[in-house]
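Architecture and fold: a report
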Amino acid sequence: MQTFADLNREIFNQSNRSDYLKKYKKGLSEKLVIQISKSKNEPEWMLKHRLKSLEAFYEIKLPDWGPKIDLDFEEITYYANATDQKGKFDSWEDIPEDIKNTFEKLGIPAAEKKMLAGVGSQYESETVYHNLKKEWEELGVVFEDMDVALQKHEDLVKQYFMTCVPIRDHKLSALHGAVWSGGTFLYVPDNVSIKQPLQAYFRMNAPGLGQFEHTIIILEKNSHAHYIEGCSAPKYGKEALHAGCVEIFVEEDAHLRYSSVENWSKDTYNLNTKRALVGKNATMEWVGGNMGSGVTMLYPCSILKDEGARCDHLGIAFANAGQVQDTGAKVIHTAPHTSSKIITKNLSKDGGKSIYRGLVHVLPQAHDCTSNINCDALILDPDSTSDTFPDIKCENTTSEITHEATVGKVNEENIFYLMSRGIEEEEAKSMIINGFIEPIIKALPLEYAIEMNRLIELEMENSIG
Amino acid sequence: MLIVKNLHTKINSTEILRGINLEIKAGEIHAIMGPNGSGKSTLAKTIMGHHNFKVTKGNIFLNKKSILNDKVCERAGKGIFLAFQHPREISGIKFSTFLRTAQKAKSDKTSSVIDFNKEVKDKMKDLHLSPEFTDRAVNTGFSGGEKKKGEILQMQILEPKLVILDEIDSGLDIDALKQVAKAIKEYHNENTAILIITHYQRILEYLHPDYVHVMTNGKIIKSGNKDFAKELEKNGYANYVAPTSYKLPATS
């Protein structure tokens, strides 16, 4: 049985045959957007939403800050369906062989066997496998593919869809609104606690194929859940784009932990938008690991909208050769007595560039807030760089914000110490790096913690002369 | 076991060791005394293979073979252990994980986790370390005494042949000093050799070295056997160390 820990990078870099792509044209047009909506048999309001988004996409310019985005939007295939049939498969046996192989390589069945609460995996733009344990369904939990949720729970979707991340937020959110496909819909009713993590595994497959999955998570009053997603994309020659969107609603006294391990292949742009609205005395925790992609721009955002709301942002970013990891966090305190904590650990190696970019904004009415920001960066060799751009705006005098940042190299005296105990240099470095990211890793469930450590070891391999 | 022959080392362009000769046989305890800046710690780190100290002349032999081209971890593998004057703080790595990794790296014998844990717990008890000690990150937030005891615990688990103790006595109160000295004494036998580096006679009262060397300005200026050690215990080593000569700063 293969587990995440046994994976090697090659598996992520193999591409399955993608003949089915021939049916779909590259580039963006009104015709394509209509075609997507019709093929999914969407309600009229969603088609209107898509067309409005497309309009906004043409109007809005790319951001004038951050890493260079060298992307030809006409060279991307915006929609593809990997299976000839529609909808989802009820059991593992029904899934076509090559898709199954991919999942098996990624360890999904193994994870399933470990009694995780549910598995929803996105292959290309349609979800082919979705499973939810009966007991949760009986409690009123909805854990569905986004397209299916739109059919089965239209009113619920309509109530929340792109209300947290509006179309006109930025160019990529507009693009997302026009061509989104698949993703996860999770609804947890009042007073329901899901003990085991719910997980979804996303994967892009065909060259030049963008992925625009849309995820909505709603936690009603006093409910608890942990949602996990991991992403990998195979390696291929063309620049691919990933512009997903995650919208989270955490109501009064509810508690959500959202964990993601993003390991897209190194020629993709990962321009993701993730945002949570956090209610009274509710808690939102973001745990993120960014290892892959050529360019990543990702700043999960919490809006602390009611009194006593809390958020934690924990993030690791690893920039290897040719990669730019521009990541961070955004927290808006709009209510009094709200608190936030941001801890990020950035690594850069072999010319990689890691950037912490963050915003903490405390509005005038949000009195007595606290925010602690802690960003550490480790630079593994002289070719690599790291930057920190913390933006702090505090508009009252009763709130307290602390910010600490460190940038350093792997301490040579520490390597000497470990080596003097018989440990090889490479292992010594790995240990120090594992120790550096430990505050984040310990927040992940065991399989994911192992996967993260393993992915970091893979990134470290052959790095020490 | 260890022969240091006419050893010269430089850090950047400054010469620190200026012709050290030293021979330590299995079963012996040696002590090197001397003031700050005399090169004692440099000698210890050079034997261990620290990259900052370039050997410009001379050689170091372990069991008759030169170790100058060996990497730090290879020297450890051959049985050299250095208890650091300032043990490093490695955040996020549990002491027990570190110890287990080091044990695995160093020896072929892999004791079971249960045996390993038991052995560690027993030794910790002897050293008067709290049971949570090994669950904490390596040396992170440890008191001075805990750090030094942690070094001794590593020695006991890794079972080296040549133990170099760089100021193991600094930062220890009298009880901790006794506990540490007892552990060293118990560890020492006819197959192991110990080199103690210190400023103070105090620890030597417990460990009774066979030989004592006085070092100053990168050289061993006087060596002697037990009698010399006793004399030093009584009178101190200051008499043997030439007063530092320096020029008065020029006044304008």
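Residues numbered from 1 in each chain as written. Chains lettered and ligands numbered in written order. Predicted model: local features only at pLDDT ≥ 70, side-chain atom pairs only at ≥ 80, totals over all residues.

Let us now look at the overall build of chain B. Summing up its helical and strand segments, chain B has 8 helices and 10 strands in all. With the principal axes as the frame, chain B shows a C-alpha extent of 65 × 45 × 40 Å. Across chain B, the fraction of contacts at a sequence separation of at least 24, relative to all contacts at a separation of at least 6, is 73%. (Helix = DSSP H or I, 4+ residues; strand = E, 2+ residues; numbered from the N terminus. Contact = placed C-beta atoms within 7 Å.)

On to the overall build of chain A, then. From N to C terminus, chain A includes 12 helices and 22 strands. Buried residues in chain A amount to 54% of all 465 residues. The contacts of chain A with a sequence gap of at least 6 include a subset with a gap of at least 24, amounting to 83%. (Buried ≥ 20, exposed ≤ 12 C-beta atoms within 10 Å, placed from the backbone.)

Note on sheets: strands pair through backbone hydrogen bonds, and any given pair is parallel or antiparallel. All names here are of chain B. The antiparallel open sheet is built from 4 strands, whose spatial order is β2-β1-β4-β5. Strands at the two margins of the open sheet, each flanked by one partner only, are β2 (14–24) and β5 (65–66). As paired strands, strand β1 (residues 2–11) and strand β4 (residues 54–62) are joined by 7 bridges and run antiparallel to one another. Bridge assignment links L2 to a residue of β4, and that residue is L62. Along the sheet, helix α1 (residues 40–48) makes contact with β1, β2 and β4, crossing β2 at roughly 70°. (Pairing = 2+ DSSP bridges. Axes fitted to C-alpha atoms, helices over the stretch in contact; angles between N-to-C directions.)

Before going further, it helps to examine the interface of chain B and chain A. Facing 20 residues of chain B, the contacting portion of chain A comprises 17 residues. Secondary structure elements with two or more residues in the side of chain B that touches chain A: α2 (72–77), α3 (95–106) and α5 (144–158) of chain B.

Residues V250, L256 and V278 of chain A together with I164 of chain B are the most contacted members of the largest nonpolar core, which totals 179 residues. When residues are assigned to domains, this core turns out to be shared by domain 1 (4–298) and domain 2 (411–465) of chain A, each giving three or more. Beyond its immediate chain neighbours, meaning those up to four positions away, L256 of chain A contacts I217, L219, A225, Y227, I248, V250, M284 and E285 of chain A. (Core = buried A, V, L, I, M, F, W, Y, C linked by C-beta atoms within 7 Å. Domains from an automatic or database assignment.)

Let us look at α5 of chain B. Counting along an α-helix, one turn takes 3.6 residues, and residues three or four places apart therefore face a common direction. All names here are of chain B. In this model α5 runs 22 Å from its N-terminal to its C-terminal C-alpha over 15 residues, within 8% of the 21 Å that 1.5 Å per residue would give. Most of α5 sits out of view: 11 of its 15 residues are buried. Listed as buried for α5 are E146, K147, K148, K149, G150, E151, I152, L153, Q154, M155 and Q156. Contacts from the buried residues of α5 go to β6 (80–83), α3, α4 (113–126), β7 (162–166) and α6 (174–187). E159 lies just past α5 and shows a positive phi near 50°. (Expected span 1.5 Å × (residues − 1).)

All names here are of chain B. With mixed pairing, 6 strands are arranged side by side in an open sheet as β6-β7-β8-β3-β9-β10. Each edge of the sheet is formed by a strand with only one pairing partner; in this case those strands are β6 and β10 (219–224). Each strand axis lies, on average, 20° off the axis of its neighbour in the sheet, ignoring direction. Sheet topology note: the strand β3 (residues 29–33)/strand β9 (residues 211–216) ladder contains 4 bridges and is parallel. Among the inter-strand pairings, H30 is bridged to a residue of β9, identified as Y211.

All names here are of chain A. Counting buried positions over the 6 residues of strand β9 (residues 245–250) gives 6, a clear majority of the element. Side chains C245, E247 and F249 project from β9 onto one buried face, and the interleaved V246, I248 and V250 project onto a second face that is buried too. Two strands pair when backbone bridges link them, and strand β6 (residues 214–219) and β9 are joined in this way by 6 bridges, in the parallel orientation. Each bridged residue has a counterpart across the sheet, and for L219 the counterpart in β9 is V250. Here β9 pairs with strand β12 (residues 273–278) via 6 bridges, running parallel. Bridging from a neighbouring strand, E247 pairs with R275 of β12.

Residues and elements named next belong to chain A. Relative orientation of the contacting elements helix α2 (residues 30–39) and helix α3 (residues 44–59) amounts to 155°, with a least axis distance of 10 Å. As the angle between them shows, α2 and α3 are arranged roughly antiparallel. Considering how the two elements wind past one another, α2 and α3 form a crossing that is right-handed. Packed against α2, whose contacting residues are E30, V33, I34 and S37, the element α3 presents M46, L47, R50, L51 and L54 at the interface. When the residues that make up the contact of α2 with α3 are grouped by side-chain class, the tally is 6 nonpolar, 1 polar and 2 charged. (Parallel < 35°, antiparallel > 145°, perpendicular 65-115°, else oblique. Left-handed = near helix turned anticlockwise from the far one by under 90°. Nonpolar A, V, L, I, M, F, W, Y, C, P; charged D, E, K, R; others polar.)

What follows concerns unusual backbone geometry. Positioned with a positive phi, N222 of chain A is a non-glycine residue whose angle comes to about 55°. Among the secondary structure elements, N222 of chain A is positioned in the loop between β6 and β7 (224–232). Under the C-beta neighbour-count criterion, N222 of chain A is labelled partly exposed, with 17 such atoms within 10 Å. Not every positive phi belongs to a glycine, and E167 of chain B is a case in point at roughly 45°. Positionally, E167 of chain B belongs in the loop between β7 and α6.

Residue and element names in this part refer to chain B. Burial along β6 is two-sided: I80 and L82 facing one way and F81 and A83 facing the other are all buried. Bridge analysis of β6 against β7 gives 4 bridges, and the strand direction is parallel. Considered in β7, the bridge of L82 is made with I164.

Moving on: the environment of E135 of chain A. Residue and element names in this part refer to chain A. Assignment of secondary structure puts E135 in helix α6 (residues 134–138). Classification of E135 as exposed rests on a count of 10 C-beta atoms within 10 Å. Expressed as a C-alpha distance, the spacing of E135 and A449, which sit 314 residues apart in the sequence, is 27 Å.

On to the packing of α4 of chain B against α5 of chain B. All names here are of chain B. The contact between α4 and α5 brings their axes to 10 Å, and the two run at 140°. Considering their axes alone, α4 and α5 lie oblique with respect to each other. Considering how the two elements wind past one another, α4 and α5 form a crossing that is right-handed. Note on element contacts: α5 touches α4 through L153, Q156 and I157, opposite E119, V120, K123 and M124. When the residues that make up the contact of α4 with α5 are grouped by side-chain class, the tally is 4 nonpolar, 1 polar and 2 charged.

Turning our eyes to something else, we now look at the environment of L204 of chain B. All names here are of chain B. With respect to the element layout, L204 can be found in helix α7 (residues 204–207). Exposure remark for L204: the 21 C-beta atoms within 10 Å place this residue in the buried category. Distance from L204 to E28, taken between C-alpha atoms, is 14 Å for residues 176 residues apart in sequence.

Attention shifts here to the confidence of the model for chain B. The predicted model of chain B has a mean per-residue pLDDT of 90, with 94% of residues at 70 or higher. On the interface metric, ipTM, the complex scores 0.93, and its pTM is 0.80. (pLDDT = per-residue confidence, 0-100.)

All names here are of chain A. On average, residues of chain A score 83 in pLDDT, and 77% of them are at 70 or above. Contacts for the low-pLDDT stretch residues 83–88, under 50 throughout, to residues beyond four places or in other chains number 9 contacts. Counting interchain partners and residues more than four positions distant, the pLDDT-below-50 stretch residues 124–129 has 33 contacts.

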